[in-house]
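Per-entry structural report
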Amino acid sequence: MAGVVWIFLFFALSLPAWAAPHSEATQECLACHVEATPGIVSDWQRSRHAEVTPADALQMAPLYRKVSSPKIPQSLQATSVGCAECHTLNPQTHKDTVEHNGYDVHVVVTPRDCRTCHVQEVDQYGQNLMAHAHGILMKNPLYGNLVEAVNGIQVLGSQGLRMAEVPAHTNDDSCLSCHGTRVEVQGTVSRETDLGEMDFAVLTGWPNVGVGRLNPDGSKGSCSSCHARHAFSMEVARKPNTCSQCHKGPDVPAYKVYQVSKHGNIYASQKAKWNFSSVPWVVGKDFNAPTCAACHASLLVDEGGNVLAQRTHRMNDRLPWRIFGLIYSHPHPKEPDTFSIRNGQGLALPTNLDGSPVRSAVIDAQEQTKRRETLHGVCLGCHSVSWVQGHWARFEKTLEESNRMTRTATELMQKAWERGLARGPQAKQNPFDEPFEKLWVEQWLFFANSVRFSSAMLGSDYSVFDNGRWYQSKGLRDMMRRLEMGRPGAVNAKTR
Ligand code: HEC
Ligand code: HEC
Ligand code: HEC
Ligand code: HEC
Ligand code: HEC
Ligand code: HEC
Ligand code: HEC
Ligand code: HEC
């Protein structure tokens, strides 16, 4: 114990003069944790949470203010936002709470905890598809087939390859690493540490920072998907590397497209001169080409202080379309619980198999116009109206054409199902697991999506020879040939 006191004194004396005062509880946490988890303590010390009290933050003028909750409890206002302030919030809702050196501490700090001070960000994020990504994937029977077709363990039986069940930890390690796991409390365990014996919560599906994680307090998401702890920095979230963690694969190539785009090139060569911390973000002064955040989330102003776009954690209020095609692109869905939609074929998809949207499930033309104008407000900070309209008209034509190619592929697929070359929905079988079906999946999941993302975010290589139109046209020919040959063939795929 004497050691602890010594560490505490050393730590208290070494605090920089500008730091906000820390609560007594947090000082106790720090005294041990500077030894138990020094990386976490130093990360936190460099964060805004260590430097600014909620009371001071509330004083800022609206455009500059970083706490959006009008009423922050008095008990939290006068000290920094420290270990105790986050890890002991809302104990009544946290099943992961354990008694920890005199405090009721939970390890999984959730969006509901952040909401105490950041109500607007948390409520907006709740309307983003990201917050619902776990349910969107796991509650949709058709998507369940896709999970199985990719993750299922294959075994060779007397009848050929057979698919065994998907183990839960395989899903956690695969799809749910991005989409978000279900974190559940199994109980507690005692463990000897350098500072004595302590109890810890035993959690399943953890660690994980997936965007739609289901938390033990019933909330959804993990703010550290983009604001890695314990810096919780805005700078990190504004840089494209953060989004690359999940938005990169051949199915969702936003980051790859961005990297080769003019915008991405300017970012790569100029970023050292940009200011990634200032609020609001001034177009032309702080940065001169957009990052993912600038187009999709940031509060942007011009040098005169006029707002070009309001900050949003909802993000889809700048998205008239859902360009990610499963299987077609379409107007953005109205609600994030897309698993409850049924199309004409009874499948949980917002489009019918011929490509027409399920009208009741998607936003109308008026809402699309509103969202387009919001997004264009960003572009117009740097471009003329004709430049932006020219780009947009071409992009929307490309969406139509990528859908036409997907429809051709789907017609071939339907013929193959009819002729028994594969067993699909009509036979109540997984429509994604057989060789012919895998050719069809690649048509929309990799090639059509690549074409669409390239057109939206300006990276031509990915629209043509790198997973784009070349493979789309080649794949259709392969499908046609296999249909004519009348027997299932081997898969011919380019993936990463
Ligand atoms: C007497 C020393 C001590 C004090 C005081 C203390 N901790 Fe800890 N804490 C530890 C040690 C040691 C660990 C275990 C680290 C490891 O897993 O190696 C730990 C672990 C944790 C964990 C991780 C739990 C898990 O399930 O992995 C959290 C969160 C935590 N402490 C928060 C706090 C907070 C918040 C406070 C103040 C309210 C605090 N601690 C006070 C020593 C302390
Ligand atoms: C998908 C990525 C992403 C996730 C997830 C995310 N954020 Fe953010 N956040 C951002 C970006 C990008 C910015 C910078 C916005 C700007 O430039 O105006 C930001 C900024 C912020 C800010 C600073 C706002 C200000 O007024 O300066 C706060 C506070 C914040 N986020 C809280 C949260 C909370 C709480 C969560 C969890 C519900 C969360 N964020 C989840 C991307 C994300
Ligand atoms: C702004 C809120 C906030 C503050 C302040 C905060 N934490 Fe955390 N902490 C989190 C979040 C969020 C996580 C991630 C939980 C998850 O994703 O399950 C976390 C995770 C942890 C973990 C487990 C992570 C790991 O890598 O093992 C420990 C230990 C921890 N915090 C200790 C601390 C200590 C010590 C302090 C003070 C220096 C502190 N925290 C301050 C929000 C906070
Ligand atoms: C007790 C109130 C409180 C809680 C709880 C809280 N924050 Fe904060 N947050 C603040 C304050 C105060 C600031 C600094 C405001 C300023 O600099 O003007 C801040 C700033 C931020 C920023 C901006 C950082 C930057 O680089 O500009 C982000 C992002 C953020 N918080 C995310 C989170 C997340 C995520 C959680 C939950 C894990 C959380 N906060 C919990 C009060 C809180
Ligand atoms: C590396 C991160 C990552 C992994 C791993 C991942 N996904 Fe995704 N997934 C994404 C992203 C990002 C999107 C959103 C793309 C967009 O909106 O443009 C997405 C979207 C989806 C969607 C569309 C959901 C909707 O809104 O209708 C489905 C279905 C899907 N993924 C299935 C899967 C399956 C099945 C697996 C595992 C076999 C998987 N994903 C693994 C990142 C990932
Ligand atoms: C931990 C993984 C992860 C990270 C990091 C991440 N995303 Fe996502 N994002 C996803 C997944 C998964 C989806 C698809 C959710 C679905 O459709 O079910 C998605 C969907 C989206 C969407 C569509 C939202 C909607 O409501 O239509 C946008 C826009 C987006 N992400 C932008 C970003 C940006 C910008 C960043 C970086 C600042 C980022 N994402 C970081 C995983 C991630
Ligand atoms: C120049 C602005 C711009 C930049 C920079 C940008 N995007 Fe986009 N993004 C767009 C446009 C335009 C669309 C298509 C709009 C729509 O879907 O209605 C789009 C669509 C998306 C979607 C698909 C949403 C859907 O509904 O299917 C995701 C996810 C996404 N972007 C993520 C990112 C990521 C990650 C980055 C950075 C690596 C990024 N964007 C950079 C403009 C941008
Ligand atoms: C912060 C400033 C900024 C913003 C915001 C911005 N751009 Fe750009 N954009 C540029 C710059 C600079 C170039 C490079 C022009 C050149 O080639 O000389 C560029 C290039 C382009 C190009 C040409 C790409 C090529 O390779 O031919 C298109 C198209 C474009 N932007 C569309 C958009 C759209 C659409 C938006 C909004 C969704 C947008 N931009 C937002 C600064 C910006």
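Residues numbered from 1 in each chain as written. Chains lettered and ligands numbered in written order. Predicted model: local features only at pLDDT ≥ 70, side-chain atom pairs only at ≥ 80, totals over all residues. Heavy atoms only, no water.

Let's shift gears to the confidence of the model for the chain. Overall, the prediction assigns the chain a mean pLDDT of 94, with 94% of residues at 70 or greater. Ignoring residues within four places in sequence, the model shows residues 1-17, a span with pLDDT below 50, making 14 contacts including any to other chains. Here residues 489-496 is modelled with pLDDT under 50, and outside its nearest four sequence neighbours on either side it reaches 23 contacts, counting other chains as well. (pLDDT = per-residue confidence, 0-100. Contact = heavy atoms within 4.5 Å.)

Inspection of the region around ligand 6 gives 22 residues, with M130, C243, C246, H247 and H332 positioned closest. N316 places a polar side-chain atom, nitrogen or oxygen, 2.8 Å from an oxygen atom of ligand 6. For ligand 6, an oxygen atom lies 3.1 Å from a polar atom in the side chain of R322. When residues of the shell around ligand 6 are traced back to their parent elements, those giving at least two are α10 (133-138), α13 (175-179) and α15 (240-244). A breakdown of the residues in the shell around ligand 6 according to their chemical character gives 14 nonpolar, 7 polar and 1 charged. Looking at which domains feed residues into the shell around ligand 6, each of domain 2 (88-225) and domain 3 (314-485) gives three or more. (Near = heavy atom within 4 Å. Polar contact = N/O pair within 3.5 Å; in protein donor to acceptor, adjacent residues only side chain to side chain. Helix = DSSP H or I, 4+ residues; strand = E, 2+ residues; numbered from the N terminus. Nonpolar A, V, L, I, M, F, W, Y, C, P; charged D, E, K, R; others polar. Domains from an automatic or database assignment.)

Within the first shell, the iron atom of ligand 6 binds the protein through M130 (SD) and H247 (NE2), at distances of 2.1 to 2.7 Å. Note that the iron atom of ligand 6 binds 6 donor atoms; their angles at the metal cover 84 to 179°, and the shape is octahedral. In this pair, M130 is assigned in the loop between α9 (119-125) and α10 and H247 in the loop between α15 and α16 (254-260), connecting sequence segments 117 residues apart. M130 gets classed as partly exposed once you look at its relative accessible area, which sits at 22%. (Donors = N, O, S within 2.8 Å, 3.2 Å for Na, K, Ca; no water. Tetrahedral: all angles 85-135°; square planar, octahedral: opposite > 155°, others 65-115°. Buried < 20%, exposed > 50% of the residue type's maximum accessible area, 1.4 Å probe, protein only.)

Tallied over the full model, the rule gives 14 aromatic pairs. With a centroid separation of 6.3 Å and 50° between ring planes, the pair formed by Y258 and Y267 is classed as tilted. Here Y258 matches Y267 in class, with each residue buried. By way of ring pairs, the aromatic residues Y258, Y267, W274, F276, W281 and F287 are connected into one cluster. A cation sits over an aromatic face here: R238 above W281, 4.2 Å from the ring centre. (Phe/Tyr/Trp six-rings, centres within 6.5 Å; stacked < 30°, edge-to-face > 60°. Lys NZ or Arg CZ within 6 Å of the ring centre and 35° of its normal.)

Moving on, we get to the nonpolar core. Judged by nonpolar contacts, the single largest core of 45 residues is most densely connected at M413, F432, W440, W444, L445 and M479. Broken down by secondary-structure element, the contributors of at least two residues to this core are α10, α11 (141-151), α16, α20 (385-418), α21 (435-457) and α22 (469-485). The element contributing the most residues to this core is α21, with 9 residues. Per-domain counts for this core show at least three residues from each of domain 2 (88-225) and domain 3 (314-485). Those residues in contact with M413, other than ones at most four positions away along the chain, are A422, F436, E437, W440 and M479. (Core = buried A, V, L, I, M, F, W, Y, C linked by side-chain atoms within 4.5 Å.)

Relative to each other, helix α2 (residues 24-36) and helix α3 (residues 38-45) sit at 125°, their axes nearing to 6 Å. It follows that α2 is oblique to α3 by the angle criterion. Along the contact surface, α2 presents T26, L30, H33, V34, E35 and A36, while α3 presents P38, V41 and W44. Across the contact of α2 with α3, the residue classes tally to 6 nonpolar, 2 polar and 1 charged. (Axes fitted to C-alpha atoms, helices over the stretch in contact; angles between N-to-C directions. Parallel < 35°, antiparallel > 145°, perpendicular 65-115°, else oblique.)

Next up on the list: the pattern of salt bridges. Per the stated rule, a full pass over the model turns up 10 salt bridges. One salt bridge connects R48 with E51, and the closest N-O pair in it is separated by 4.0 Å. Separated by 3 residues within a single helix, R48 and E51 lie in helix α4 (residues 48-51), roughly one turn from each other. For R48, a relative accessible area of 48% corresponds to the partly exposed category. Accessibility expressed as a relative area gives 27% for E51, which makes it partly exposed. (Salt bridge = Lys/Arg side-chain N within 4 Å of Asp/Glu carboxyl O.)

Attention now goes to the site of ligand 3. Close contacts around ligand 3 come from 18 residues, with C83, C86, H87, W206 and H230 the closest. A distance of 2.8 Å is found between a nitrogen atom of ligand 3 and a side-chain nitrogen or oxygen belonging to H87. One of the side-chain nitrogen or oxygen atoms of W206 is found 2.7 Å away from an oxygen atom of ligand 3. Elements represented by at least two residues in the shell around ligand 3 include exactly α2, α3 and α7 (83-87). Per element, the largest residue contribution to the shell around ligand 3 is 3 residues, and it comes from α7. The class makeup of the residues in the shell around ligand 3 is 11 nonpolar, 5 polar and 2 charged.

This next bit is on the coordination of the iron atom of ligand 1. Four donors placed tetrahedrally around a metal ideally meet at 109.5 degrees, and six donors placed octahedrally ideally meet at 90 or 180 degrees. At 2.0 Å from the iron atom of ligand 1 lie its protein donor atoms, namely H33 (NE2) and H100 (NE2). Angles of 86 to 178° at the metal separate the 6 donor atoms of the iron atom of ligand 1, which places the site in the octahedral class. You can see H33 sitting in helix α2 and its partner H100 sitting in strand β1 (residues 98-100), a full 67 residues away along the chain. Of the residues examined, H33 reaches a relative accessible area of 25% and is grouped as partly exposed. The class for H100 is buried, based on a relative accessible area of 17%.

What follows deals with α21. Compared with an ideal rise of 1.5 Å per residue, which puts 23 residues at 33 Å, α21 spans 32 Å between its outermost C-alpha atoms and is within 8% of the ideal. Along α21, the helix axis deviates most sharply at E442, where the bend reaches about 35°. Counting buried residues in α21 gives 19 out of 23 residues, a clear majority hidden from the surface. Directly after α21, the chain includes L458, whose backbone phi takes a positive value near 70°. (Expected span 1.5 Å × (residues − 1). Bend = angle between axes of the 7 residues up to and from the residue.)

Two strands pair when backbone bridges link them, and strand β3 (residues 153-157) and strand β4 (residues 160-164) are joined in this way by 5 bridges, in the antiparallel orientation. By the bridge assignment, I153 is partnered in β4 with A164. Where β3 folds back onto β4 in an antiparallel hairpin, the turn is made up of 2 residues. (Pairing = 2+ DSSP bridges.)

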